[in-house]
Amino acid sequence: MKIEICHGKFGYSNERIIHEDISFDVSNGQILTILGPNGIGKTTLLKCITGLVPWMSGETLVDGVSMKKMKHTAFWKRIGYVPQSTGSRFAYSVLDMVLLGRASHMHVYSTPSSTDYDIAMEALEQVGIAHMYKKPCNNLSGGEFQLVMVARALASKPEIIILDEPESHLDFKNQMLIIGMLEKIVRDQGLGCIVNTHYPEHALRLGDISLMLGPNLPYLFGPSKDVITEENLSKYFGVKVKMLSFDYKDKDYCSIIPLELS
Amino acid sequence: MNTELSVNNVKRDFKIAWWKKAVLIALPLLVFLLSFCCGRFQVAPNTVIEILWDHFMGLFGVAPTGTYTAFQESAVMALRFPRIILGLLVGAGLAISGAALQGMFGNPLVSPQVLGVSSGAGFGAALAILLVENLFLTQISAVIMGLVAVAVTFMVSKVGKGKASIYTLVLAGTITSAFFEALISAIKFTADPFSKLPTITYWLMGSLANRSFADVWHSAPLIIIGIVVLVVFRWRINILSLDEDEAKAMGVNLKLSRLIVVLCCSVITAATVSVCGIVGWIGLVIPHICRSIVGPNHKDLIPACIAVGGAYLMIIDAIARTVSASEIPLSILTAIIGAPFFAYLLKKSGGQWK
Amino acid sequence: MSKISKILAVVLSIVLLSSMFVGCAGGKTTTVTKTATTTVTKTVTVTGDNNTTTKPDEPEVKPLSYPYTVQDQAGRTVTIKKKYERVAFSSVRPLPATYFAVTGNIDTLVGMNPSSRAAALASMFVILCPEIANVPTNFIVNNDTNIEELMKLNPEVVFCLNKNTDEINALEAAGITAVGLNTNGTDPIELFADWADLIGQVMGEQNRAKAIIEEGRKAAQEVKDIAKTITEKKKVMFLYRDQGDTLEVAGSNLYSQYWIETIGAVNVAAECNNVTAVSMEQIMQWNPDYIFITTFTTCQPDDLYNNKLEGQDWSGIKAVQDGHVYKDPLGIYRWFTPTSDSALMLKWIASKTYPEYYKYDMEKEVRDYYKTFYGYELSDKELNMVFNPSSDAAYYVK
């Protein structure tokens, strides 16, 4: 499966254009990380990609077919969306919350079946919080709830999963967990992934392709190693950094150390 | 997968405890039967049983065997029976509407009145009482104006798109309610203070007095259809309670789903107002009571509301028609019992809506 | 007590004692056929705060020197400045009819309550005074008096409910004489007496008033005497309103209590206060022997006999089975309330409930009464209208 953005343009009005003629694509088995300073429009971009907010011009193509021509349910069966965690209003249990992700596979008049319960528990296992299935959602920490939302997106068995800053609110270990999980599902299950992230290190680690956005600057799209450089980080984030690489268990790792404002 | 968390165990954990289910099924049935014994006209319980039995067996063509007067039979079957059925339907309908709307708006303080249906229906009824003295026309007028009020709310709320829409809907509902309440006041102002005004005032306070089977046929279809659709749709209401983007991401047609829920709740509420006047507190309090019994998952909440809501109003109506010679309006009783209970729930839950 | 009052009291007592042996005096031509005949002529002792007492058989001594004062029923001292020629009634619906009974005409009536008008148009009032249909009512909106509209009618004196202090103050400020009347009370005969007497004093004409008041008291005493001999307490109920969705009965603390108790019966709805909405079941529980339907509702005895009302089953009620459901007659005004016809109401309800004890020929009673007190000879058709009022009298504005 491949998602393509073709010359997408979005703004809240003609004076406030946020994205001007942006084009990129993601396929199964790829992780696209999106970076940029606060307020640049990363979340808005995700919403435009998924059609939650319409493009001003340009379009999203799914396997060459314009998203606008696709049936709502058909689209969402293949795409999973994990927004930023805002907490839960109602005290649904974790499992009930994850089961909601099965909606696109269920008839309007159905309630979840055994299969649905199966898949939901699997999803909880994947994110590592299966033991919490009975806990009410409004008793969870921000990070735990974030994991529930990821599990919910996974429960619909999407081909591409889109996440908006999933590592926020997570402690060190859980951040590792999420990153590891994303890597795993992409490698093992061949899922595609689009992730907004504030952490260039995670972006590098997840590898594949990146999109960098900056104020009054052209967007950068390409392999992560080419996009995420000291020069680009300085230009797009306004922070001078030092990147240090090292080997660990036959794998390349890179650390980015912020030095001073540039 | 971890055997402890095997699906069967999990599902069993999530089933409502069997005894709770038993109570929820038994409660309305029990109240239903006991209500037949309540009323100002003294009919001994065993006579009531005889009458009910004979009528039940009569459905199969069995001749009546009990010894009771036509008077007693009339009291039980012609006077109490329609009221009990209506109490069940109206109570269940209002409770389920309240639950669905609270779920849809993601706001536990919402009641079926929020979209202006009750005020509109009340206006329709008051207008009909003022102009004609025909019960059937009053009922039709109430239903029509109730739905008109919801339509007005929708039109007023169309100010833009995006996240604001749920809030603009509530605001629009407040505006519409206020408008129709003002119209009701205007009608009260012009009504004959000696005959029409007391009739309108009493009607607006809610009562099942003088209800016959004709009223049941007029309102039951609407209420039942609304309830059935909401029951079928109940699990999806969970999704409607999420943020807009989250809900859309589940593949749900948000606009259509909301429309269905609102339409069902409006039809149910308008039908209840048409036959019973405006009865408050049920749509607000019963869902909370049920949440504390079965949890917030609408899959279980909606059916629970039918049981508890129906039982509640049957009890209230039994009190209204038995406690004193004069009929007590229903909304007085539901408020006197409902408000303190709500305060108690609030204190107990500490503001956390379980 | 002052010296003069003492003398007056002695004179009064002598006259009273002598009257008892003289018997009926002029002005009364009604005869009552019953087993025991005791004609008591009471002196007209005016209740309320008025101090003047007069003797029944002597020509009235009218203080025609203006201004003079009267005590109204709002505890005020009202100055009567002249012989009023423009009179209005804003509240207390039976008053215009009372006014007519007291003064004999409605030439001076310039305004009244629309509910009074509706009743007038459906009752004998419009037959006796066709001009009543032209009396303006638009100054009353939703039972509230619009003072400025009222002023357009240029009234000199306005009679209203004693509790409407705002209205009374506004009238006084506008230079209009206001007279407050009381409606608190359950004895229609005495309540009417208060009204008639006060109106009579204000208008400077008391003869007619006294005659009717006396007639009322006489009837009351007759009935009470007979009632003492009655041991069987029949169960009576006043159906105040039964139409649309409303089912109301007249309980205690209301005229119904008087009508029923005075004749020796018992009010099944006594546990209810004033006008109360009840359920059909409650009425079944009471199971009254006699039902009287007021003219405040469109309901007619036929509706009960044929069980036409939805959600109600009258077939098992004793009154319906025995054929004892009656519509209150509609004479000069609705007979349920205090009126100048109250003597007739008492006799009528007595003869309907206990025909074996009260043997009044009601047709003759009504004819004679109307001839004597209103100077009108009722035709057969009109008499029929009195005893069989239409449902229209229930409405506010026509």
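Residues numbered from 1 in each chain as written. Chains lettered and ligands numbered in written order. Predicted model: local features only at pLDDT ≥ 70, side-chain atom pairs only at ≥ 80, totals over all residues. Heavy atoms only, no water.

Caption draft 1: Structural context of the overall build of chain C. Secondary structure summary: chain C contains 15 helices and 14 strands in total. Counting over 398 residues, chain C shows a buried share of 58%. A separation of at least 24 residues holds for 67% of the contacts in chain C among residues at least 6 apart in sequence. (Helix = DSSP H or I, 4+ residues; strand = E, 2+ residues; numbered from the N terminus. Buried < 20%, exposed > 50% of the residue type's maximum accessible area, 1.4 Å probe, protein only. Contact = heavy atoms within 4.5 Å.)

Caption draft 2: Spatial organisation of the environment of C:Gly311. Locating C:Gly311 in the fold gives a position in the loop between α11 (301-305) and α12 (318-322). Along the primary structure C:Gly311 and C:Ser279 are separated by 32 residues, whereas in three dimensions their C-alpha atoms are 9.8 Å apart.

Caption draft 3: Region of interest: the domain arrangement of chain A. Residues and elements named next belong to chain A. Here chain A is described as being made up of domain 1 (2-89 + 157-228) and domain 2 (231-262). Averaged C-alpha coordinates put domain 1 and domain 2 at centres separated by 22 Å. Taken together, the 18 residues of domain 1 in the interface contact eleven residues of domain 2. At the boundary of domain 1 with domain 2, total buried surface from both sides reaches about 1,100 Å², with 68% on carbon and sulfur atoms. The largest contributions to the domain 1 side of the interface with domain 2 come from Glu-201, Met-212 and Leu-217, which together make up 35% of the buried area. Scanning the region where domain 1 abuts domain 2 turns up one salt bridge. Across the contact surface, domain 1 and domain 2 share three residue pairs in polar contact (both at pLDDT 80 or more). Taken together, the residues of the side of domain 1 that touches domain 2 sort by class into twelve nonpolar, two polar and four charged. (Domains from an automatic or database assignment. Buried area = accessible area lost by both parts, 1.4 Å probe. Salt bridge = Lys/Arg side-chain N within 4 Å of Asp/Glu carboxyl O. Polar contact = N/O pair within 3.5 Å; in protein donor to acceptor, adjacent residues only side chain to side chain. Nonpolar A, V, L, I, M, F, W, Y, C, P; charged D, E, K, R; others polar.)

Caption draft 4: A look at the interface of chain C and chain B. Between chain C and chain B, the contact holds 31 residues from the first and 33 residues from the second. The contact between chain C and chain B buries some 2,800 Å² in all, and 54% of this surface belongs to carbon and sulfur atoms. In this structure, the connection of chain C to chain B is made through two salt bridges. Residues C:Glu281 and B:Arg80 are paired through a salt bridge, measuring 2.6 Å at the closest nitrogen-oxygen approach. There are nine residue pairs in polar contact (both at pLDDT 80 or more) connecting chain C and chain B. Secondary structure elements with two or more residues in the side of chain C that touches chain B: β9 (235-243), β10 (246-250), β12 (275-277) and α10 (280-286) of chain C. Top element by residues in the side of chain C that touches chain B is α10(C). It accounts for six residues.

Caption draft 5: Structural view of the domain arrangement of chain C. Residue and element names in this part refer to chain C. The assigned domain composition of chain C is domain 1 (28-219) and domain 2 (221-377). Opposite the 35 residues of domain 1 that make contact, domain 2 presents 34 residues. Around 3,200 Å² of area is buried between domain 1 and domain 2 when both sides are counted, 67% of it from carbon and sulfur atoms. If you sort the residues of domain 1 by the area they bury against domain 2, Thr-186, Pro-188 and Ala-219 come out on top, with a joint share of 18%.

Caption draft 6: Representation of a nonpolar patch on the surface. All names here are of chain B. The grouping of Leu-131, Val-132, Phe-136, Leu-137, Ile-140, Ile-144 and Val-148 at the surface amounts to a nonpolar patch, some 570 Å² of accessible area in total. The dominant element in the nonpolar patch, judged by the number of residues it contributes, is helix α6 (residues 135-157), at five residues. Take Ile-144: it is sitting in helix α6. Judged by its relative accessible area of 47%, Ile-144 is partly exposed. (Patch = residues over 30% accessible without salt bridge, like charges linked within 9 Å, V, L, I, M, F, W, Y side chains within 5 Å. Areas by Shrake-Rupley, 256 points an atom, 1.4 Å probe, with all protein chains shown as cover.)

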